[in-house]
Number of protein chains: 2
Amino acid sequence: MQQVKVERLLVNYKTLEKFKRFKEYGNQELSMLEDLESNIIENDSESPFFGIYYGNALVARMSLYRVDAKYDQYFTPPQDYLELWKLEVLPDYQGRGYGSRLVEFAKEYNLPIKTNPRINSHGFWEKMGFKKAKYNMERDLGENPLIWTPEGVAEQSVS
Amino acid sequence: MQQVKVERLLVNYKTLEKFKRFKEYGNQELSMLEDLESNIIENDSESPFFGIYYGNALVARMSLYRVDAKYDQYFTPPQDYLELWKLEVLPDYQGRGYGSRLVEFAKEYNLPIKTNPRINSHGFWEKMGFKKAKYNMERDLGENPLIWTPEGVAEQSVS
């Protein structure tokens with residue numbers, strides 16, 4: 001397979017238009033649209049979105065956010081970690097390794113990763129080396145968190 | 001429509017068996033199963049699950065958890081609120097008002113409510129008086145939070 005390039009996506013009208021093809025278009029995108037309309041942001045280099053282009057088409061994307069160690073309830077020792085969400089590959093482009101490529105990109109930061117996957121995607125995440133965090137109701141509520149840890153990092157034990 | 005009774009569900013093997021018919025069976029239920037197997041809990045009266053029975057069949061359920069005011073990032077003044085998740089009605093029993101009945105039950109606590117609904121359920125939540133919280137990435141990450149407020153309670157403004 002040819003090397004696939006992961007790019008940080010600039011937040012602008014063009015990108016938001018491309019986001020409309022993804023199923024998980026929601027409050028986050030609408031909020032970005034409002035910020036563009038009120039000139040708060042444009043081409044923000046701190047966008048949480050990363051994606052893969054096939055020609056001019058954005059065919060896969062994810063969001064990544066670095067959570068500060070002081071909010072870490074998942075790993076030990078408590079440390080900065082990445083929250084990963086909205087990992088999605090457009091239907092016509094699935095099965096080509098784009099989803100895996102995005103997750104590998106996230107792992108290259110060498111920080112622990114936490115995600116709350118959609119129902120029925122557990123096979124994929126397991127293949128990527130993620131495992132279920134021990135469920136803790138006060139922390140997790142409606143989530144089914146999965147975590148990945150680089151070497152030397154362990155899961156927090158929950159009471 | 002006849003009055004439909006909402007009951008707090010006791011956590012035991014029988015209840016967990018009934019939960020298997022729901023799509024959103026996940027880490028939470030598996031964790032409860034482990035707790036039962038190690039005799040940590042049984043018939044816990046503090047179960048977060050509420051449901052509606054039709055005869056002997058559990059046909060609708062939700063989880064409710066009271067979040068302490070000190071963690072409130074949604075409402076002003078900051079206060080205890082309810083997190084609602086896993087609202088689900090079995091397919092054969094949809095369209096009878098069971099979902100609405102569960103939400104009305106939650107509202108009877110007269111506390112603000114926050115939920116992170118599934119994609120494509122916004123029409124239902126709007127009908128129930130919920131509105132989108134203003135998206136705040138550091139707080140919401142992959143969520144699309146919806147909130148409902150009793151009289152006298154407002155949404156926190158986000159920076």
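This text follows the structure it describes.
Residues numbered from 1 in each chain as written. Chains lettered and ligands numbered in written order. Predicted model: local features only at pLDDT ≥ 70, side-chain atom pairs only at ≥ 80, totals over all residues. Heavy atoms only, no water.

(A) Seen up close, the interface of chain A and chain B. Of the residues lining the interface, 24 residues belong to chain A; the matching set on chain B comes to 24 residues. Where chain A abuts chain B, roughly 2200 Å² becomes buried across the two surfaces, and 61% of that area is made up of carbon and sulfur atoms. Here chain A is connected to chain B by 2 salt bridges. The partner of E34 of chain B in a salt bridge is K134 of chain A, with the nearest N and O atoms 3.4 Å apart. Between chain A and chain B we count 8 residue pairs in polar contact (both at pLDDT 80 or more) in total. Among the elements of the structure, α2 (27–37), β5 (81–89) and α5 (137–140) of chain A are those that each provide at least two residues to the side of chain A that touches chain B. With 5 residues, the single largest contributor to the side of chain A that touches chain B is α2 of chain A. (Contact = heavy atoms within 4.5 Å. Buried area = accessible area lost by both parts, 1.4 Å probe. Salt bridge = Lys/Arg side-chain N within 4 Å of Asp/Glu carboxyl O. Polar contact = N/O pair within 3.5 Å; in protein donor to acceptor, adjacent residues only side chain to side chain. Helix = DSSP H or I, 4+ residues; strand = E, 2+ residues; numbered from the N terminus.)

(B) Local environment of the sheet that holds strand β6 (residues 113–115) of chain B. Residues and elements named next belong to chain B. Pairing is mixed across the open sheet formed by 7 strands, whose spatial order is β1-β2-β3-β5-β6-β8-β7. Looking at the sheet topology across the chains shown, the edges are occupied by β1 (7–8) and β7 (131–132). In the packing of helix α3 (residues 98–107) onto the sheet, contacts are made with β2 (49–54), β3 (57–67), β5 (81–89), β6 and β8 (146–148), and the angle to β3 comes to roughly 25°. (Pairing = 2+ DSSP bridges. Axes fitted to C-alpha atoms, helices over the stretch in contact; angles between N-to-C directions.)

(C) Representation of the pairing of strand β2 (residues 49–54) of chain A in the model. Residue and element names in this part refer to chain A. Here strand β1 (residues 7–8) runs beside β2; their pairing, made up of 2 bridges, is antiparallel. Counted as the bridge partner of E7 is G51 from β2. From the end of β2 to the start of strand β3 (residues 57–67), which pair antiparallel, there are 2 residues, and G55 there has a positive phi angle of about 65°.

(D) Structural detail: the environment of K131 of chain A. On the secondary structure map, K131 of chain A appears in strand β7 (residues 131–132). Between the C-alpha atom of K131 of chain A and that of K114 of chain A, which follows or precedes it by 17 residues, the distance is 9.7 Å.

(E) Highlighting the side chain of N12 of chain A. Residue and element names in this part refer to chain A. Looking at the secondary structure, you find N12 in the loop between β1 and α1 (13–19). Polar side-chain contacts of N12 include one of 3.1 Å to the backbone nitrogen of K14. Beyond its immediate chain neighbours, meaning those up to four positions away, N12 contacts L36, E42 and N43.

(F) Local environment of the packing of aromatic side chains. Applying the stated criterion across every chain, the model contains 18 aromatic pairs over all chains. Look at Y54 of chain A and Y93 of chain A: their rings are 5.5 Å apart centre to centre, the planes differ by 55°, and that puts the pair in the tilted class. Taken together, the residues span a long stretch of sequence, with Y54 of chain A in strand β2 and Y93 of chain A in the loop between β5 and α3 (98–107) at a distance of 39 residues. Here Y93 of chain A falls in the buried class, since its relative accessible area comes to 16%. Plain terms: the ring middles of W125 of chain B and F130 of chain B are 4.8 Å apart, the flat faces sit at 70° to each other, and that makes the pair edge-to-face. In this structure, W125 of chain B and F130 of chain B share a single accessibility class: buried. An aromatic cluster is built from F50, F105 and Y109 of chain A, whose rings are joined through pairwise contacts. A cation sits over an aromatic face here: R96 of chain A above Y54 of chain A, 5.3 Å from the ring centre. (Phe/Tyr/Trp six-rings, centres within 6.5 Å; stacked < 30°, edge-to-face > 60°. Buried < 20%, exposed > 50% of the residue type's maximum accessible area, 1.4 Å probe, protein only. Lys NZ or Arg CZ within 6 Å of the ring centre and 35° of its normal.)

(G) Seen up close, the relation of the copies chain A and chain B. Each copy of the sequence occupies a distinct position, and chain A is placed on chain B by a rotation of 180° and an axial shift of 0.0 Å, giving an RMSD of 0.0 Å. As the rotation angle and translation indicate, the two copies are arranged about a two-fold axis. Interface residue correspondence from chain A to chain B reaches 100%, placing this contact among same-surface, isologous pairings. (Least-squares fit on C-alpha atoms with pLDDT ≥ 70 in both.)

(H) Expanded view of the pattern of salt bridges. Applying the stated criterion across every chain, the model contains 24 salt bridges over all chains. When the shortest N-O distance is used, the salt bridge between E24 of chain A and R118 of chain A registers 2.3 Å. Of the two residues, E24 of chain A is situated in the loop between α1 and α2 and R118 of chain A in the loop between β6 (113–115) and α4 (122–127); the sequence distance between them amounts to 94 residues. For E24 of chain A, a relative accessible area of 18% gives the class buried. Judged by its relative accessible area of 36%, R118 of chain A falls in the partly exposed class. K114 of chain B is paired through a salt bridge with E143 of chain B; the nearest N and O atoms lie 2.6 Å apart. In this pair, K114 of chain B is assigned in strand β6 and E143 of chain B in the loop between α5 (137–140) and β8, connecting sequence segments 29 residues apart. When sorted by exposure, K114 of chain B lands in the same class as E143 of chain B, which is buried. One connected set of salt bridges, linked through shared partners, spans E29, R61 and K86 of chain A.

Limitation: the analysis is restricted to geometry and does not speak to function.
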